[in-house]
Amino acid sequence: MTTRDQIVVDLLDPAAGTDTALADELCALVNDVYAVAEEGMWRDGATRTSVEELRGMIAAGEILVASTPGRGIVGSVRCHDVAAGISEFGILVAARDQR
C-alpha cells in the first residue's frame, strides 16, 4: 500500500460546519450511497439528508470522514451521544470505488 492509498479517518472540526462546499460534497456522497442501498424503499427522488442537516451535524462535532491523499473524502459516518455514556453511529457511507 502506498501513501496515496492510505485511508485516514478524522473527526471534522466543528468550525467546518460553515463550509458549504464540504457539506455539499458529503451530502452528495451520502445521498448517492443511500439511493443505491435503499432503492425501491422510498419515492423516487427521496434523499437521506440535506446540506443544512449535514452542516448542523458537522458543527455539533458528529461527523468523521475517511479520506485518502489522492482522492480526498471517500467515506463518512455520524457518531453522537444519545445518553450518558451511550453513543450511536449511523449514516455510514463509502464511495462506490472504496466498497
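Residues numbered from 1 in each chain as written. Predicted model: local features only at pLDDT ≥ 70, side-chain atom pairs only at ≥ 80, totals over all residues. Heavy atoms only, no water.

Caption draft 1: Structural detail: the packing of aromatic side chains. All told, the structure shown has zero aromatic pairs when counted by the stated rule. Across the ring face of Tyr-34, the terminal group of Arg-48 is positioned such that the distance to the ring centre comes to 5.6 Å. (Phe/Tyr/Trp six-rings, centres within 6.5 Å; stacked < 30°, edge-to-face > 60°. Lys NZ or Arg CZ within 6 Å of the ring centre and 35° of its normal.)

Caption draft 2: Fine view of the packing of helix H1 (residues 20–37) against helix H2 (residues 51–59). Contact geometry of H1 with H2 gives a least axis separation of 9 Å together with a crossing angle of 110 degrees. With respect to H2, the axis of H1 lies roughly perpendicular. Handedness of the crossing formed by H1 with H2: right-handed. Here H1 contributes Thr-20, Leu-22, Ala-23, Asp-24, Leu-26 and Cys-27 to the contact with H2, which in turn contributes Val-51, Leu-54, Arg-55 and Ile-58. Partitioning the contact of H1 with H2 into residue classes produces seven nonpolar, one polar and two charged. (Axes fitted to C-alpha atoms, helices over the stretch in contact; angles between N-to-C directions. Helix = DSSP H or I, 4+ residues; strand = E, 2+ residues; numbered from the N terminus. Parallel < 35°, antiparallel > 145°, perpendicular 65-115°, else oblique. Left-handed = near helix turned anticlockwise from the far one by under 90°. Contact = heavy atoms within 4.5 Å. Nonpolar A, V, L, I, M, F, W, Y, C, P; charged D, E, K, R; others polar.)

By themselves, these observations are geometric and do not establish any function.
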